Amino acid sequence: MTVGILTVGTAACSGGGADDSAPSRPRERIMVAVSGDRPYGTWGPADRSGAVWSSPDGGSWQRRATLPASLYGVAASRDRAVAVGTDRAGRGVVYGSDDGLRWKRAANLPTPLADVALGAGGTWLAVGSDGGPRGRIPVYRSTDGRSWQEVSVYESSRAGLRPLALAHGGGRWLMLVWDCAGAALCGVRPLASVDQGRHWYPTADDPGPPRSLDGEVPFGLAAMAGPVGLAHDGKRWAAVGPQRVGRKPASGAGAGAGAGAGAGGGAGEGGSARGRVSGSPTGHVWTDTKWSPGEPALTAATFSHGTWFAAAGPVDAGEGTQGASGGGASVRVWSSRDLRAWTPAGTVAAPVRDLTVFDPEAARPGTGRPAGAGANAALRIDADALRAVPAKGAAARTFAYDRGPLALTKWLTDHYGPPTDRREIAGDGICSRDETLLRWDGLSVMFPGDDPAAATSFHVTHALTWAVEDDLRRVRGAEGIGLGAARTEVDRAAPGAESIEYEDTLTILLAEGKQGSAEGEPGSEAGVVAELIRDRVTALHAPEALVDVC
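All figures in this text were calculated on a predicted structure; none of them were measured in a lab. (Residues numbered from 1 in each chain as written. Predicted model: local features only at pLDDT ≥ 70, side-chain atom pairs only at ≥ 80, totals over all residues. Heavy atoms only, no water.)

Topic: the sheet that holds strand β10 (residues 124–128)
Move 1: Across the sheet, four strands lie side by side as β9-β10-β11-β12; this open sheet has antiparallel pairing. Edge positions in the sheet fall to β9 (113–118) and β12 (149–156), since each has one partner strand and no second. Within this sheet the neighbouring strands show an average axis-to-axis angle of 20°, counted without direction.
Move 2: Pairing analysis gives five bridges linking β9 to β10, with the strands arranged antiparallel. When the bridges of β10 are listed, A117 appears paired with L125. (Pairing = 2+ DSSP bridges. Helix = DSSP H or I, 4+ residues; strand = E, 2+ residues; numbered from the N terminus. Axes fitted to C-alpha atoms, helices over the stretch in contact; angles between N-to-C directions.)

Set out below in structure tokens:
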């Protein structure tokens, strides 16, 4: 089947309303992209316009509709395409299409919208920001792309917090935000959700290679600025975006000099906007791949039928980026099979801000669980053992903690398959020691030292920061408590339980055991510890003693 490419972008000429003169035709596979004549973050009423463009092969483009809104995000299912942005009254606006060619306004929302994405089970999420001094990101959800309701608000005291990109893949939602913890610490930060947008948790605090928002190793997302494109191919994430001002390309990263433009210029017409392409298997640790020297920064991305597609521009001033694009700029669409070698496909006479693919033949989205991860049986983390509980019939298979670390690794491998991650984590020499981590998605096992085979103790951790959507129903803690459970549920399950509160974290001894602590100290009390942030369970630990902070 011929691949058609559809972009939603700034109109080449002024106008308003859908272009209803376009003849109706049978649905076909179409790539969809969005843009606006004003950068996201331009708050309040303004004279805005956007347009929808289509192409049968990515080389020759035709404008399909002119719309009275700046458009910033687009996503598509097999039978619905949705674009979001800001209208001329400064409100959030949602447009929809059943064929990718004819568009209608579907909803108005109070917050200017930055991006939209489709997840498992036909769930749509859209995110935006009100531009206020306090970082506030409302999240809206829909099951049909037409009716929307606010399901959560991610708030922060950080200056300039706002969403840049949203996507779903690998069993979780990922949102990239522009976050400033002070002028020298501005950067792109990932947030993840595994409960359809109700709660969001930073992934950047994961133990791994040394890094910070202003660190050099690895660059990953920290070296980017907005706007940013984000997509998932079923196995890994990819993020594309312009490089922050003053950041030198990492050795071997291949970030090239590109083209933001000066006043009235477009991407590829002068200026100096360097671009970056970063990949990640999980959305936690990001590694740069090569982007051709001399080309402008990619700022929108999508994946379809084995191929990545990205659009080069526009790059906006005011976010720490190098260069800016004018409202009438033309941009180029690129394609790649591996995120390394990129081929120009065509040019659109409008600054494209996002891409997606409308494909009526695509399979309906499933659960989103990564291939080969997990088993059908549920897992329960108890005070004395891990238990695999089949959905039907037979008694649970149990692993008692006193059987030791090597036996635990074999038991989990038999139950889940090989670990999805392994790494060494350096201690601080004061409160923590060097440890080795083995991870099966959200379930992690920590061993002291660098050789699990020589370890005599361990502890199990199940945390939202690495969990996938199925984990919320598939893995439970003692007393039936799982990740995401509210403080009221914990209090009902374990009334009067011992607890320790430190800053914004509350630690509760959910279930107590007498089998000895994870440190192998006979007779010490240990059990299942629940960790709560903002009155929600974010992690379960066992066998663990309730101890004060170091």
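Describing unusual backbone geometry
Move 1: Residue P543 is reached from A542 by a cis peptide bond, and omega for that bond is -20°.
Move 2: Within the secondary structure, P543 is located in strand β37 (residues 536–544).
Move 3: Located in the positive-phi region is L339, a residue other than glycine, with phi close to 70°.
Move 4: With respect to the secondary-structure elements, L339 resides in the loop between β23 (331–336) and β24 (342–348).
Move 5: Taking the relative accessible area as the measure of exposure, L339 reaches 1% and is therefore buried.
Move 6: Residues other than glycine seldom take positive phi values, yet E503 does so here, at roughly 55°.
Move 7: One can find E503 in the loop between β34 (499–502) and β35 (505–513).
Move 8: E503 gets classed as exposed once you look at its relative accessible area, which sits at 66%. (Buried < 20%, exposed > 50% of the residue type's maximum accessible area, 1.4 Å probe, protein only.)

As for the confidence of the model for the protein chain
Detailed reading of the predicted model is not advised wherever pLDDT is low.
Move 1: Per-residue confidence for the protein chain gives a mean pLDDT of 78; residues scoring 70 or more make up 76%.
Move 2: Ranking the helices and strands of the protein chain by mean pLDDT puts β10 first, with 97, and strand β1 (residues 4–9) last, with 48.
Move 3: In this model residues 1–6 is a low-confidence stretch, pLDDT under 50, and it forms 35 contacts with partners more than four residues away in sequence or in other chains.
Move 4: In this model, residues 320–327 is a region of pLDDT below 50 whose contacts with residues beyond four sequence positions or in other chains number 43 contacts. (pLDDT = per-residue confidence, 0-100. Contact = heavy atoms within 4.5 Å.)

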